[in-house]
Amino acid sequence: MGPKRPMRPEDPVEAWRGPLAPQSGDTIAAIATGAGVGAVGIVRVSGSAVPGLIKAVCGRTLQPRWATHTAFCDALGQPIDDGIALYFPAPNSYTGEDVLELQGHGGAAVLQGVLQACLACSSAEQPVRLARPGEFTQRAFFNQKLDLMQAEAVADLIAAGSQQAVRAAMASLSGGFSEAVSAVQQGLIDLRMRLEACLDFPEEDIDLVSEQGIGQKLAALQEQLQAIHAASSRGAALQKGIRVALVGPPNVGKSSLLNALAQAPVAIVTPVAGTTRDRVVQELFIDGVPVQVIDTAGIRLTEDLVEREGVARSWQAIETADLVLLVSDASAHPAVWPETLENEISQRMASAALKEQSQSGLASDPAARLWRVYNKCDLLTQPLQTDARGYWVSAKTGMGLEVLKEALKQAAGWGCNDGGTLFSARAWHLEVLRRCQESLSLAEEHLAASDLELLAEQLRLAQKTLSELTGEFLADDLLGVIFSQFCIGK
Ligand SMILES: Nc1nc2c(ncn2[C@@H]2O[C@H](COP(=O)(O)OP(=O)(O)OP(=O)(O)O)[C@@H](O)[C@H]2O)c(=O)[nH]1
Ligand SMILES: [Mg+2]
């Protein structure tokens, strides 16, 4: 059950006219447990028809919040299963409405039978219908049980692929993210109140706040936002994973490296330079953290039409990757690092980053996103690890791969293990935070120019932007998209 959501000054429900808008108090029902056979399966029902439905399906009344062992009956009163029934009267339930949970045996046919028995209770006065994806959580949002950040954290928690991602989702679900955002929101409101009082009553000469005081408060708010952004972007990266491109000259072992990381012969490997043309994409999970590795064509000048197209695709992969692993052959004689190629790659990455703000939560500095990998270390007659910045590996023997994998995992947000400072967040959350930071930077500029009117306007904008996170000022269609990403029964 979700915790109470924190401060919500206004109700966004009125603004809701989206495709998922609740239908005149329909009662909704769905199988809440995953597909497949399990010892126990749960059918969940929410809405005003629940009390009548309990009598029809369980043939008795239920003491609220007590686990009651009872038979579940179909429309003809025939028992179709038995199990535990739990009744949560409104408003103390997940959705805030009357909720019934029927915990029966976990077979698909049994659960379908129980669900049909619930749906059969539908009447003209009290319709009962199948829930749409995310509709239970959507109702929890409408009934102020959760705010939007918490609602999304429910989906993140269920989808979490690692313990770290679970922790991040829990931090958001228990309101950590919301509280941190609310604190900034409060700070903005406080600042605006003082500032607008000064603007409205200039003759009063009440020194509500000095320009220096505003400056300090703005700086403190920026710092808070920065911390939220850092914690959320790492959380977002952990959820979304990172995209890693393997690039470099031909024949250095990029495809071999992909195969070694994937532990499967995903890409073709031959001694012929220019083997790979198409990009080969492989999704890996390193301790549950999703890492998408892209093998690319070796970069060189070539007359071969097909290979040229492959090289063009390598450049595209470089521009869209969160991390670029530049691979070279450590055993080549003489072992030369492809310096020119490295420079060209960092330039491309820098201009791509300028075009599109990287939302991976990784450092935006291209140098930090371009890693050197020395492959074929098994061929070195003596340890030659001259470059401490690089990763020294062998795709053939597996040497050094654990270190590389560990680093990839860290880059994907794994390293942040300090309790509450990792929030599960989405790309759009980061975008909102970034816009708010931008508004505050502009506010700082207006303050420096002593233009208090414009300063007040920027603070108003910053506050409005931030409130999108709680769902107060979100466009209907965006809310619809968010909830439709859930699966049925949530
Ligand atoms: N000894 C040794 N040989 C390797 C290693 N990695 C790759 N090779 C060999 O190097 C050759 C090229 O390997 P690929 O993985 O096809 O190289 P690539 O970089 O993908 O090459 P292109 O697709 O042509 O750009 C093959 O003969 C591999 O067996 C390694 O770590 N050690
Ligand atoms: Mg290859």
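Residues numbered from 1 in each chain as written. Chains lettered and ligands numbered in written order. Predicted model: local features only at pLDDT ≥ 70, side-chain atom pairs only at ≥ 80, totals over all residues.

Attention shifts here to the pairing of strand S10 (residues 323-329). Extensive coverage of S10 is indicated by the burial of seven of its seven residues. With four bridges connecting them, strand S7 (residues 242-247) and S10 associate as parallel partners. Among the inter-strand pairings, Leu246 is bridged to a residue of S10, identified as Leu325. Looking at chain direction, S10 and strand S11 (residues 370-375) are connected through six bridges and run parallel. Each bridged residue has a counterpart across the sheet, and for Val324 the counterpart in S11 is Leu370. (Buried ≥ 20, exposed ≤ 12 C-beta atoms within 10 Å, placed from the backbone. Helix = DSSP H or I, 4+ residues; strand = E, 2+ residues; numbered from the N terminus. Pairing = 2+ DSSP bridges.)

As a further point, take the pairing of strand S1 (residues 27-31). For S1, the tally of buried residues reaches five of five residues, placing the bulk of the element in the interior. Burial of S1 is two-sided: the residues Thr27, Ala29 and Ile31 facing one way and the residues Ile28 and Ala30 facing the other way are all buried. Sheet analysis places S1 next to strand S6 (residues 128-130), joined by three bridges and oriented parallel. Opposite Ala29, over in S6, you have Leu130 as the bridge partner. Examined bridge by bridge, S1 and strand S2 (residues 38-46) share four bridges and lie antiparallel to one another.

Taken together, the six strands give an open sheet; going across it, the order is S3-S4-S5-S2-S1-S6, and neighbouring strands pair in mixed fashion. Looking at the sheet topology across the chains shown, the edges are occupied by strand S3 (68-73) and S6. On average, each strand axis in the sheet is tilted by 30° relative to the strand beside it, whichever way the strands run. Direction of pairing for strand S4 (residues 79-88) relative to strand S5 (residues 99-106): antiparallel, over a ladder of five bridges. Opposite Ala85, over in S5, you have Leu102 as the bridge partner. Helix H2 (residues 108-119) rests against S1, S2, S3, S4, S5 and S6 of the sheet, and its axis sits at about 15° to S2. (Axes fitted to C-alpha atoms, helices over the stretch in contact; angles between N-to-C directions. Contact = placed C-beta atoms within 7 Å.)

For the protein chain, per-residue confidence averages 83 on the pLDDT scale, and 84% of positions sit at 70 or higher. Scored below 50 in pLDDT, residues 1-24 shows 46 contacts in the model against residues more than four places distant or in partner chains. (pLDDT = per-residue confidence, 0-100.)

Two packed helices can be described by the angle between their axes and the distance between those axes. With their axes 10 Å apart at the nearest point, helix H3 (residues 135-142) and helix H4 (residues 148-159) run at an angle of 160° to one another. Judged by the angle between their axes, H3 and H4 are roughly antiparallel. The interaxial crossing formed by H3 with H4 has right-handed handedness. In contact with Thr137, Ala140 and Phe141 of H3, H4 contributes Leu148, Ala151 and Val154. For the contact of H3 with H4, a count of residues per class yields five nonpolar, one polar and no charged. (Parallel < 35°, antiparallel > 145°, perpendicular 65-115°, else oblique. Left-handed = near helix turned anticlockwise from the far one by under 90°. Nonpolar A, V, L, I, M, F, W, Y, C, P; charged D, E, K, R; others polar.)

Ligand 1 sits among 23 residues. The nearest are Gly253, Ser255, Ser256, Thr276 and Gly298. Ranked by residues supplied to the shell around ligand 1, first place goes to helix H8 (residues 254-262) with three residues. Grouping the constituent residues of the shell around ligand 1 by class yields eight nonpolar, 11 polar and four charged. (Near = placed C-beta within 6 Å.)

Turning our attention to helix H5 (residues 163-173). The buried fraction of H5 is high, at eight of 11 residues. Of all the positions in H5, only Gln164, Ala165, Arg167, Ala168, Ala169, Ala171, Ser172 and Leu173 are classed as buried. Trailing H5 by a residue or two, Gly175 shows a phi angle of about 95°, which is positive.

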